[in-house]
Structures are given as C-alpha cells and as structure tokens.
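So you can see what is in the structure, the chains are spelled out below.
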Amino acid sequence: MPGSLNGNTRLYGIIGNPVQHTFSPAMHNGAFSALNLNAIYVAFPVLPELLESAVKGLKALNIAGINVTVPYKTAIIPFLDDITPLAQSIGAVNTVIHHNGCLTGTNTDGPGFVRSLQKISFDPAQKTIGILGAGGSARAILATLAKNGAKHLLLNNRTHARAEALVAEFQPLFPHIPLEAVSLEALYPQELDLLINTTSAGMKEPIAPVDLKRFSTIRNVVDIIYNPPETKFLEQARQLGIPAMNGLGMLLFQGCEAFEFWTGQKAPEEVMKTELLKQISTK
C-alpha cells in the first residue's frame, strides 16, 4: 500500500460484479509505492442497475481512473464521453481515465496480450493464428492481432454461430486480413504459427479445449488462464515440446498498459509481476 494518504491522494480502482477476487489492487498499489506516487487503488463492486450512477460518480468524486471488468466492459461505453479507436474496434473498454471532467475509455487487454508474446519471442505480423473462444478476451485479442498485421486469423467457438457473428462484425474493420470462423475439424489440419485458448476450459477442471496431437502443425501455444499456472492444455503442449505460456503475462501487461495510460509513466513491471505472483501463491 502507498505509504501515506492525504488530501492530494489520487484514487484509482476497478468496477465490476463481482470484484472480490481481483488481483489488481495489489498490482497497482505495489506500482504506486515503487514510484512514490501519491495514489491508491481499490475495488468497487457495482450492481448492474447502478452502473450509470457509478460512472457519474467517478466525475463527482474526481476519481482519476478505473479498470472495468465483467460484466461491464461493453455496458459502460454509453456512459463515457469518449473511447479510443482501439476500444471502438474491439467494442469493449477495460480502462478509463478521468481528465478535466472527461471520461475516456480504452482497452489494454489486446495490447497487453501482444506485449506478453515477447516471452516466447513471437511477432504476430504475417502469422497464421488460431483463437479458441469468442468472448470478450477473444474480441480484444482478435482485433489487436489484426492491427498488428497477422496474416490469417481463424476463430473456433463451441457455439459456431458466435464465431461467425464475430467474424462478420470484424471483417469489415480489417478487410485486408482473412478472418475465418471454423469448426474443430477444419482447424485441426491447419498449419498454425500460434494457437490461443481464450475459453475457461481448464480453469476449474483438468480438461483441455482441444487435442493438440490432432493438429498438423502448431509452433506456439498460449492459454490466457493464469491460475492454475499449467492447465491441461499447457501440460500437453509441454509434453509435445511446443513453446507455450499461460496468461500471467497478459494479466501483467494489461495492467502495465493501464498504469501507463493513467500516469504517463513507465510501469514498474517487475514490481507488479512480484505482487501478482504473491496473490496467486496465496489462492
């Protein structure tokens, strides 16, 4: 926690429902302390019927910035004054800054994910990439990979219609990059530079969303789940010798991107990572 609180302390936080499980306060308060910033970060549980009032309250209380988590990443947009082009293309906001009475939303999930790929030395430009899932995280990752020049993006979802709807929505935004909704049977023969799991499969039970042995070629694997650190999906990748990583990097770097968006200062990455690891170790 920051060392001292006073009348000049800047307040940041996260809104969602629920938010009791969030690791963000530990990560951001550690960052504020490391840089000796007079700021504090707290969690705000907000009921759905009070979302508009809560957003108005950000201005009234001069709260400096917030993160937004489920289920409000899309619902909050009508109550903001502006959103960045990236958030507009994704259709979701996870970070808001309050400046001179104006609330501006952005999305750091996608950029945080791409930044995390440095760990496996992966550049998405001109790569063929498969994405499992069609939820909020898949939206952010799909849009950001397209903006970073991916060659071909294939989307698979258990409910195929959701994948088709997402492709139909995003293809006009990225007309020069083929986006394709595919079944698992159509995905397995593909030669993929990267396969990303954005579903919850493996979070609470030792199951994998797909069988990696059935793919023609996979050069890299990412599971955005970070707790447990090694899912069944990642375990199979390790056994097959496929370079792989979990979602801790995405969690860390979306936080770093948010911190930098709010403060204009470089985030203390190692401090924030240490705080996240402490939280995971106690769960």
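Everything here concerns the structure above.
Residues numbered from 1 in each chain as written. Predicted model: local features only at pLDDT ≥ 70, side-chain atom pairs only at ≥ 80, totals over all residues. Heavy atoms only, no water.

## Here we look at the overall build of the chain
- In terms of regular secondary structure, the chain is built from 10 helices and 14 strands.
- In terms of overall dimensions, the chain has a C-alpha envelope of 60 × 40 × 30 Å along the principal axes.
- The buried share of the chain, reckoned over its 283 residues, is 52%.
- Surface accessibility of the chain: about 13,000 Å² in total, with carbon and sulfur atoms responsible for 52%.
- Measuring between centres, the 22 positive side-chain charges of the chain sit 3 Å from its 22 negative side-chain charges. (Helix = DSSP H or I, 4+ residues; strand = E, 2+ residues; numbered from the N terminus. Buried < 20%, exposed > 50% of the residue type's maximum accessible area, 1.4 Å probe, protein only. Areas by Shrake-Rupley, 256 points an atom, 1.4 Å probe, with all protein chains shown as cover. Lys, Arg positive; Asp, Glu negative; His and termini not counted. Charge placed at Lys NZ, Arg CZ, Asp CG, Glu CD.)

## As for the pairing of strand β3 (residues 65-68)
- Both faces of β3 are covered, namely the face carrying Gly65 and Asn67 and the face carrying Ile66 and Val68.
- Across three bridges, the pairing between β3 and strand β5 (residues 95-99) is antiparallel. The residue of β5 that forms the bridge with isoleucine 66 is valine 96. (Pairing = 2+ DSSP bridges.)

## Section: the sheet that holds strand β9 (residues 179-181)
- Taken together, six strands build an open sheet; the order of strands is β9-β8-β7-β11-β13-β14 and the sheet is parallel. The strands lining the two open edges of the sheet, one partner per strand, are β9 and β14 (244-245).
- Relative to the sheet, helix α5 (residues 136-147) contacts β7 (128-132), β8 (152-156), β9 and β11 (194-197), its axis offset from that of β7 by approximately 170 degrees. (Contact = heavy atoms within 4.5 Å. Axes fitted to C-alpha atoms, helices over the stretch in contact; angles between N-to-C directions.)

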